[in-house]
Amino acid sequence: MSLEIYLDLFSQPCRSVYIFTKKNNIQFDHKKITLFDGYQYGEEYGKINLLRKLPAIKDGDFCLAESIAIMMYLAEKFHTPDHWYPADLQKRARVNEYLSWQHTAIRTHGSRILWFKLLIPKAMGVEVPKEKLDNAVESFDGSLKLFEEKFLQGKPFIVGDQISLADLVAIVEIMQPVGAGMDVFENRPKLKAWKDRVREEIGAELFDEAHQTILSLQEEVKTMDPKKMEPLRSKILKYFLS
Amino acid sequence: MPLELYLDLHSQPCRSVFLFAKINKIPFEFKSVDLSAGEQYGAEFGKVSIIRKVPVLKDGDFILTESTAILQYLAANHHTPDHWYPADLQKRARVDEFLSWQHSNIRTHGSKVFWFRGVIPAITGAPVPKEKMDAAVEDLNVSLKTFEDKFLQSRPFIIGEKISLADLVAIVEMMQPVGTGLDVFQDRPALNAWRDRVKKEIGVEVFDEAHEVIMNVDTLPQTFENKGLPEFLKLKIQKMFN
């Protein structure tokens, strides 16, 4: 029975799952989805994930959504090296703490920056009030400050000497606004050093491959047909601009 | 040294941690943090957590934030009954899946409705514009529908026959808007039945004890007036919901 993983590398949580499985040589059937086409709202995908989001896995008959749940499941099932999700209670708690905090912090604000700065104005042709983007940037800066002061501090990685799911989830989220042309690492030498360490641990080739979609987005948007995102338009505008 | 839990029972994640510790007879010292007085921004609390949120666990020198991480840590550390956070891979994944999803869905929308109905009018002296209120309630309704269609379905509890951390986190989040007079269980018989089951499993007395302050939020305007909510906090709150 094969493992199917539904992914669009535009999405941060898809990137963390992709990198995790590739890095750990977990064999899977890669189901490539394009979110902008709205496939996630179709009947077929509804059978995989009623939440209508990516990523999702189908392991035999077992369907699972939410990247964090997916990676914890795969880590356990495939007995990946301990450092990814340590058995030690306190280290594991530190990973869980980060994975919980990030949902409404780095993830939320980084995502908004990409949509406000690039996708809504350039791909959808809708003006975004300056205040909205400024607020998102300010909130994102606040999150990065907390990331450095509380989660990373003087350590090489979030939990200590070794990379874990926490660093993986952190990096893919921090890379999202980079896709909009925001240089997140400029004037943040500590963050940049951490990013370089994480990229090296993952493997530069795999990291770059996973991030190719998001980093070529500015270019792609120039030739993107605004009609392309038509089916998602009202959902997106309601979610981000109301 | 006893376990310290920094809590304000107005906060949903504080209630889940409080209830879990009580149900499982985990001895702890209740360290009260008065959110309505802005205590989380004080120098004292800053020594405990610079994230300035509750709940926080302090176990000797080990300090941990984020309720889901705290719950997972307590479950493992105190060897609580398996059903709370099952060892079985797929059951555990279902708990993780819900705990991940809820951050940006039921938690976000339930909180927003609570703030719009109960807190913002108390601070600003004016009701929230109807359009904003309606949108927030609609988002909450969508989350509740998803909860019933995907997470609960026709099972007694989220993962099946027994209560888990998922139900505990779900119930405290759903109770938040109820405190302002919006009964989310009314007109939702399946959800109502689930609530009654969860309440019974937790223990009616301790459930009501945990929810006493939130069920009395019409006293909030007086509370804010008596304590004199700090100006910076007023600004922060107003910014959060724009």
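Predicted model, so just to flag it, every value in this text is computed and none were measured. (Residues numbered from 1 in each chain as written. Chains lettered and ligands numbered in written order. Predicted model: local features only at pLDDT ≥ 70, side-chain atom pairs only at ≥ 80, totals over all residues. Heavy atoms only, no water.)

Draft legend 1. Structural context of the overall build of chain B. Helix and strand content of chain B: 11 helices and 4 strands. Taken over C-alpha atoms, the radius of gyration comes to 18 Å for chain B, in line with the 18 Å a tight globule of 242 residues would show. Each of the three principal axes of chain B carries a C-alpha extent, and together these read 50 × 45 × 30 Å. Sequence separation of 24 or more characterises 70% of the internal contacts of chain B that already satisfy a separation of 6 or more. As displayed, chain B has an accessible area near 10800 Å², and 50% of this comes from carbon and sulfur atoms. Positive and negative side-chain charges of chain B, numbering 29 and 33 respectively, have mean locations separated by a distance of 3 Å. (Helix = DSSP H or I, 4+ residues; strand = E, 2+ residues; numbered from the N terminus. Rg over C-alpha atoms; globule rule 2.2 N^0.38 Å. Contact = heavy atoms within 4.5 Å. Areas by Shrake-Rupley, 256 points an atom, 1.4 Å probe, with all protein chains shown as cover. Lys, Arg positive; Asp, Glu negative; His and termini not counted. Charge placed at Lys NZ, Arg CZ, Asp CG, Glu CD.)

Draft legend 2. Summary view of the interface of chain A and chain B. Contact residues are listed per partner, giving 32 residues for chain A and 33 residues for chain B. When the two sides are added together, the surface that chain A and chain B hide from each other amounts to roughly 2800 Å², 62% of it contributed by carbon and sulfur. Three residues, Leu-51, Phe-62 and Leu-89 of chain A, lead the burial of chain A against chain B; their summed loss comes to 17% of the area buried on that side. Here chain A is connected to chain B by 2 salt bridges. The interface formed by chain A and chain B contains 11 residue pairs in polar contact (both at pLDDT 80 or more). Elements represented by at least two residues in the side of chain A that touches chain B include exactly β4 (62-65), α3 (67-77), α4 (89-101) and α6 (130-152) of chain A. Per-element accounting of the side of chain A that touches chain B gives the leading share, 9 residues, to α4 of chain A. Residue classes in the side of chain A that touches chain B are distributed as 16 nonpolar, 6 polar and 10 charged. (Buried area = accessible area lost by both parts, 1.4 Å probe. Salt bridge = Lys/Arg side-chain N within 4 Å of Asp/Glu carboxyl O. Polar contact = N/O pair within 3.5 Å; in protein donor to acceptor, adjacent residues only side chain to side chain. Nonpolar A, V, L, I, M, F, W, Y, C, P; charged D, E, K, R; others polar.)

Draft legend 3. Quick peek at the layout of surface pockets. Put simply, the second largest pocket is a space of about 280 Å³. If you go around the second largest pocket, you meet 17 residues; those closest to its centre are Arg-94, Glu-97, Lys-150 and Gln-153 of chain A together with Ile-63 of chain B. Mapped onto the lining of the second largest pocket, the elements with two or more residues apiece are α4 and α6 of chain A together with α2 (43-48) and β4 (62-65) of chain B. (1 Å grid on protein atoms, 1.4 Å probe; cavity = no way out; pocket = protein on both sides within 12 Å on 5 of 7 lines; lining within 4 Å. Points joined across faces, edges and corners; volume = space filled by probe spheres on them.)

Draft legend 4. Spotlight on the UniProt feature "domain: GST C-terminal" (unreviewed entry) in chain A. Under the feature "domain: GST C-terminal" (unreviewed entry), the UniProt entry names residues 88-232 of chain A. Structurally, residues 88-232 of chain A comprises 68% helix and 0% strand, and the distance from its first C-alpha atom to its last is 43 Å. (UniProt positions renumbered as here; feature names shortened; annotations may be inferred.)

Draft legend 5. A look at empty space enclosed by the protein. Overall, the coordinates contain 1 cavity of 30 Å³ or more when judged by the stated rule. Reported here for the largest cavity is a volume of approximately 120 Å³. Taken together, Ile-68, Met-72, Asn-96, Leu-99, Ser-100 and His-103 of chain A together with Thr-68, Gln-72, Asp-96, Leu-99, Ser-100 and His-103 of chain B make up the lining of the largest cavity. Contributions of two or more residues to the lining of the largest cavity are made by α3 and α4 of chain A together with α3 (67-77) and α4 (89-101) of chain B.

Draft legend 6. Region of interest: the packing of α4 of chain A against α6 of chain A. All names here are of chain A. At a closest axis distance of 13 Å, the pairing of α4 and α6 adopts a crossing angle of 170°. In terms of orientation, α4 lies roughly antiparallel with respect to α6. Together, Arg-94, Glu-97, Tyr-98 and Trp-101 of α4 and Ser-143, Leu-146, Phe-147, Lys-150 and Phe-151 of α6 make up the contact between the two elements. (Axes fitted to C-alpha atoms, helices over the stretch in contact; angles between N-to-C directions. Parallel < 35°, antiparallel > 145°, perpendicular 65-115°, else oblique.)

Draft legend 7. View of the side chain of Arg-15 of chain B. All names here are of chain B. With respect to the helices and strands, the residue Arg-15 is situated in helix α1 (residues 12-23). Although buried, Arg-15 forms no salt bridge, and the nearest oppositely charged side chain, Glu-173, lies 6.5 Å from it. Of note is the side chain of Arg-15, whose polar atom sits 3.0 Å from the backbone oxygen of Leu-9. When residues no more than four places from it in sequence are discounted, the contact partners of Arg-15 are Leu-9, His-10, Val-172, Met-175, Gln-176, Ala-210, His-211 and Ile-214. (Buried < 20%, exposed > 50% of the residue type's maximum accessible area, 1.4 Å probe, protein only.)

Draft legend 8. Representation of the environment of Val-48 of chain B in the model. Positionally, Val-48 of chain B belongs in helix α2. Separated by 15 residues in the primary sequence, Val-48 of chain B and Ile-63 of chain B have C-alpha atoms spaced 7.3 Å apart.

Draft legend 9. Representation of the packing of aromatic side chains within the structure. Under the defined criterion, the tally for this structure stands at 25 aromatic pairs over all chains. Note on Phe-62 of chain A and Tyr-73 of chain A: the rings are 5.2 Å apart at their centroids and 40° apart in plane angle, and the pair reads as tilted. Highlighted residues: Phe-62 of chain A in strand β4 and Tyr-73 of chain A in helix α3, separated in sequence by 11 residues. The interplanar angle of 40° and the centroid separation of 4.7 Å between the aromatic rings of Trp-101 of chain A and Phe-151 of chain A together place this pair among those described as tilted. Placement of the pair is Trp-101 of chain A in helix α4 and Phe-151 of chain A in helix α6, with a sequence separation of 50 residues. Residue classification places Trp-101 of chain A among the buried positions, given a relative accessible area of 5%. An aromatic cluster of at least three residues, connected via ring pairs, comprises Phe-10, Phe-36, Trp-115, Phe-116, Tyr-239 and Phe-240 of chain A. Stacked on the ring of Phe-185 of chain A, the Lys or Arg Lys-195 of chain A has its end atom at 4.9 Å from the ring centre. In this structure, Arg-92 of chain B packs its charged tip against the face of Tyr-85 of chain B, placed 3.9 Å from the ring centre. (Phe/Tyr/Trp six-rings, centres within 6.5 Å; stacked < 30°, edge-to-face > 60°. Lys NZ or Arg CZ within 6 Å of the ring centre and 35° of its normal.)

Draft legend 10. Representation of the pairing of β4 of chain B in the model. Residues and elements named next belong to chain B. Of the two faces of β4, the one holding Phe-62 and Leu-64 and the one holding Ile-63 and Thr-65 are both buried throughout. Of the pairings in the sheet, the one linking strand β3 (residues 56-59) to β4 comprises 4 bridges and is antiparallel in character. Following the sheet pairing, Val-56 is matched in β4 by Thr-65. (Pairing = 2+ DSSP bridges.)

Draft legend 11. Representation of the pattern of salt bridges. All names here are of chain A. Enumeration according to the criterion identifies 22 salt bridges over all chains in this entry. As a salt-bridge pair, Lys-145 and Glu-149 come within 3.0 Å of each other at their nearest N and O atoms. With a gap of 4 residues between them, Lys-145 and Glu-149 both fall in helix α6, about one helical turn apart. Note on Glu-149: relative accessible area 43%, which makes it partly exposed. A salt bridge links Glu-219 to Lys-222; the shortest N-O distance between them is 3.1 Å. Taken together, the residues span about one helical turn, with Glu-219 and Lys-222 both in helix α11 (residues 217-223) at a distance of 3 residues. For the pair shown, Glu-219 and Lys-222 are each scored as exposed. Through salt bridges that share partners, Arg-94, Glu-97 and Lys-150 make up one connected network.

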